[in-house]
Amino acid sequence: MRRTWLAIAVLGTVGAVSWAEERPMMSVSDALSLPRPEAQHRMAYGPESQQFGELRLPDGAGPHPVAIVIHGGCWLADYDLGYMSSLAAALTADGIATWSIEYRRVGDDGGGWPGTFDDVAAAADHLREIAADHALDLERVVTVGHSAGGHLALWLSARRGLPPDDRFRGTAPLELSGVVSLAGIPDLAAFVSPEGCGSAIPGLLGGRPTDHHERLRRASPIQMVPLGIPQVLVIGSRDPIVPRTQADDYATTAGEAGDRVGVKEIAGAGHFELVDPSSDAWPAVRAAVLEMLSSAD
């Protein structure tokens, strides 16, 4: 299961032509080597070592719109929030407060089922505790997640639809204005596989999806629609890790349930260009986030 991302990313570059010959796709190593601008604040939302978030604040008095930034890495403990630091800092430079969250992952004590989901929910709801001190506008909050974090960004929005007594929903889940999922994984059952990133899903769910239908209904966004808020799924046309069918099938299912979902493909981009503010893919990612927040005004 370890270093699954790296294996898939390397295999995906074999046989690439045209655009990739001139500008090779980013690898996981490239993503992990992105600059990591320091955040102004690092705050705990729980007692465990991985239960913290990094808060970056734009200039000005506020109140500031907020993006909850959720990193990926196949839900595995091998990868942390550091590679999303450049993305978070770039959004903050555009006037958006960013709350980049860490959470227990598969391989961490308490990670997987149910800890990963508990943590993401708690991290989002913790914004209420820090909003007043940092001039955060909780009427304008979007989630921005990459890869496995794109799954969690959609899930975080979907948990409001869980039963009132569900531990993941809580008594008052934070209301969100929209979701921007970057190469996200909205359909866990369709993504599970014996190798690659999909091999982490049994660890995330505590077993194979076929053995845990109820958990799948509480964890896989495609089974939790409608979310009731706008969603944009951004994908690279040459993504070797997450197939476009994940976005297309989800958009169809969510649309039939009444959601407004857009799919934006970025020509020539792979899996990791979406999180690099210096890439050709970034203007489209930036525009998606800004447009989502603008629609929440």
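One structure accompanies this document, and this report is about it. (Residues numbered from 1 in each chain as written. Predicted model: local features only at pLDDT ≥ 70, side-chain atom pairs only at ≥ 80, totals over all residues. Heavy atoms only, no water.)

1. Some remarks on the pattern of salt bridges
Reasoning step 1: If you walk through the whole model with that rule in mind, you get 14 salt bridges.
Reasoning step 2: In this structure, Asp 94 and Arg 286 form a salt bridge, with 2.7 Å as the shortest nitrogen-oxygen distance. A residue pair is termed long-range when its members are at least 10 positions apart, and Asp 94 in the loop between α4 (85-93) and β4 (97-101) and Arg 286 in helix α12 (residues 282-295) qualify at 192 residues.
Reasoning step 3: According to the relative accessible area criterion, Asp 94 is partly exposed, its value standing at 30%.
Reasoning step 4: Residue Arg 208 pairs with Asp 211 through a salt bridge whose shortest N-O separation is 2.9 Å.
Reasoning step 5: Its relative accessible area of 45% is what places Asp 211 among the partly exposed residues.
Reasoning step 6: Where salt bridges share partners, they join Glu 102, Arg 105 and Asp 108 into one cluster. (Salt bridge = Lys/Arg side-chain N within 4 Å of Asp/Glu carboxyl O. Helix = DSSP H or I, 4+ residues; strand = E, 2+ residues; numbered from the N terminus. Buried < 20%, exposed > 50% of the residue type's maximum accessible area, 1.4 Å probe, protein only.)

2. Focus: unusual backbone geometry
Residues apart from glycine generally show negative phi values, whereas peptide bonds are mostly found in trans.
Reasoning step 1: Residue Pro 114 is reached from Trp 113 by a cis peptide bond, and omega for that bond is -5°.
Reasoning step 2: With respect to the helices and strands, the residue Pro 114 is situated in the loop between β4 and α5 (115-125).
Reasoning step 3: Residue Pro 226 is reached from Val 225 by a cis peptide bond, and omega for that bond is 5°.
Reasoning step 4: Even without being glycine, Ala 135 reaches a positive phi, approximately 55°.
Reasoning step 5: Here Ala 135 is to be found in the loop between α6 (127-130) and β5 (136-146).
Reasoning step 6: Given the relative accessible area of 23%, Ala 135 is considered partly exposed.
Reasoning step 7: The phi dihedral of Ser 147 is positive, around 60°, even though this residue is not glycine.
Reasoning step 8: With respect to the secondary-structure elements, Ser 147 resides in the loop between β5 and α7 (148-158).

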